[in-house]
Amino acid sequence: MSDEVPRQRRVRYKGTHPKKFHEKYKELNPEKYAAEMEKVKARGMTPVGTHVPICVKEILKVLNPQPGNIFVDATLGYGGHTLEILQRILPQGRVIAFDQDSLERPKTVQRVQTFLNEKNVDLACFEAGAINFSEAWNYLRQRGANKVDGVLADLGLSSMQIDTPERGFSYKVDAPLDLRMNPSQGIPVREIWNTLENDELEEILRNHADEPRARQMAEALLKTRPQTTTHLAEVVQAVMKKAPKKIQEEEGDAPIRRVMQALRIHVNEEFTSLEKFLHELPLYLKSGARVAILSFHSGEDRRVKKSFQSGLREGIYSQISEDVIRPSMEEQRNNPRSKSAKLRWAQRSP
């Protein structure tokens, strides 16, 4: 008998290019089809199932990682920022990362460990805690890493979460309305309708996404209680049809994105987690250590800005970024998902 592995036929799809997530066999195997992935990136697109780290040069300039440093990547994601930092702190340095996403974290850990094996360095220089970044201080204390040289937090959604239909983060594909960062915890959006009153949902939409039609949206959502992403989009679009034609054209799909953002923030308690993280952050920063935080909407950026300003007044931080740092125009062209990113930093006082 032959020991040859049977050749696996590629996924079949209609037309000249795959459209559905599971059909994009090349993009879902980036290591095998590296050349094809570079072509996708050259077109200013992010390959399905991958994530392009944002503001890498700017973050490295701010954090200035040195050999032997200990860094925290509070939001591991695809691991792009962690890999960049590791290259500068090895072989004696260490990255302690956190990610609550039970689906994506194991894949990233494997990816980073492969990199470390290729570098022939101890795998102990990297660890990934299965927690929300708001629990960073407790995690570090329990492991004796009370002080670190720098911290990075990328508060945005990862491309993998957006691109995976069953996660329910995109209205462009019909999927169960979920929006949980950790699909093994909490309840999905489609199950929260019975727990909310109109006033509560209106406040969520207004406070979490600055939605100007919060009352109308809340009433429509609780009346229809959408169970899928496309159904939610239809409900929002029905509300928008009552607005003047000019407003509809100017807004486009922004109302759908705002509503989904607000609901995602609510079910994941994102603002509560961010505020706890910001409050405890100085406790594990060494004297002179820096923190860099990437945010992607006004609610996040406002909290980061106020925390840093308050820390500067109280003498916790010796300096903070005077202005927000934005991705370069070149990066925004090459990676459209970076357009809304805002970077702020602070330095711990001596």
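Residues numbered from 1 in each chain as written. Predicted model: local features only at pLDDT ≥ 70, side-chain atom pairs only at ≥ 80, totals over all residues. Heavy atoms only, no water.

### Some remarks on the environment of Asn120
Relative to the elements of secondary structure, Asn120 occurs in the loop between helix H4 (105–119) and strand S3 (126–129). Considered as a pair, Asn120 and Pro91 are 29 residues apart in the sequence and their alpha carbons are 9.2 Å apart. (Helix = DSSP H or I, 4+ residues; strand = E, 2+ residues; numbered from the N terminus.)

### Section: H4
Note that an α-helix has 3.6 residues per turn; residues three or four places apart therefore point the same way. Across its 15 residues, H4 extends 21 Å between first and last C-alpha, which sits within 8% of the 21 Å expected from 1.5 Å per residue. Inspection of H4 places Arg105, Thr108, Val109, Val112, Phe115 and Leu116 among the buried residues, and these make up the whole buried set. All buried residues of H4 project into a common sector of 125° when viewed along the axis, lining one side. When the buried face of H4 is taken as reference, the exposed residues oriented beyond 90 degrees from it are Asn117 and Glu118. Those residues of H4 hidden inside the fold are in contact with helix H3 (80–89) and S3. Positioned one or two residues after H4, Asn120 has a phi angle of 60°, which is positive. (Expected span 1.5 Å × (residues − 1). Buried < 20%, exposed > 50% of the residue type's maximum accessible area, 1.4 Å probe, protein only. Arc of directions from axis to C-beta. Contact = heavy atoms within 4.5 Å.)

### Quick word on the packing of aromatic side chains
Considering all chains together, one arrives at 4 aromatic pairs under this definition. Aromatic pair Trp137 and Tyr284: ring centres 6.1 Å apart, planes at 10°, arrangement stacked. Highlighted residues: Trp137 in helix H5 (residues 136–142) and Tyr284 in the loop between helix H12 (270–280) and strand S5 (285–295), separated in sequence by 147 residues. Taking relative accessible area as the criterion, Trp137 reaches 15% and is therefore assigned buried. A residue is classified by how much of its surface remains accessible, and Tyr284, at 1% relative accessible area, is buried. Plain terms: the ring middles of Phe308 and Tyr317 are 5.6 Å apart, the flat faces sit at 75° to each other, and that makes the pair edge-to-face. (Phe/Tyr/Trp six-rings, centres within 6.5 Å; stacked < 30°, edge-to-face > 60°.)

So yeah, pure geometry; function would need other evidence.
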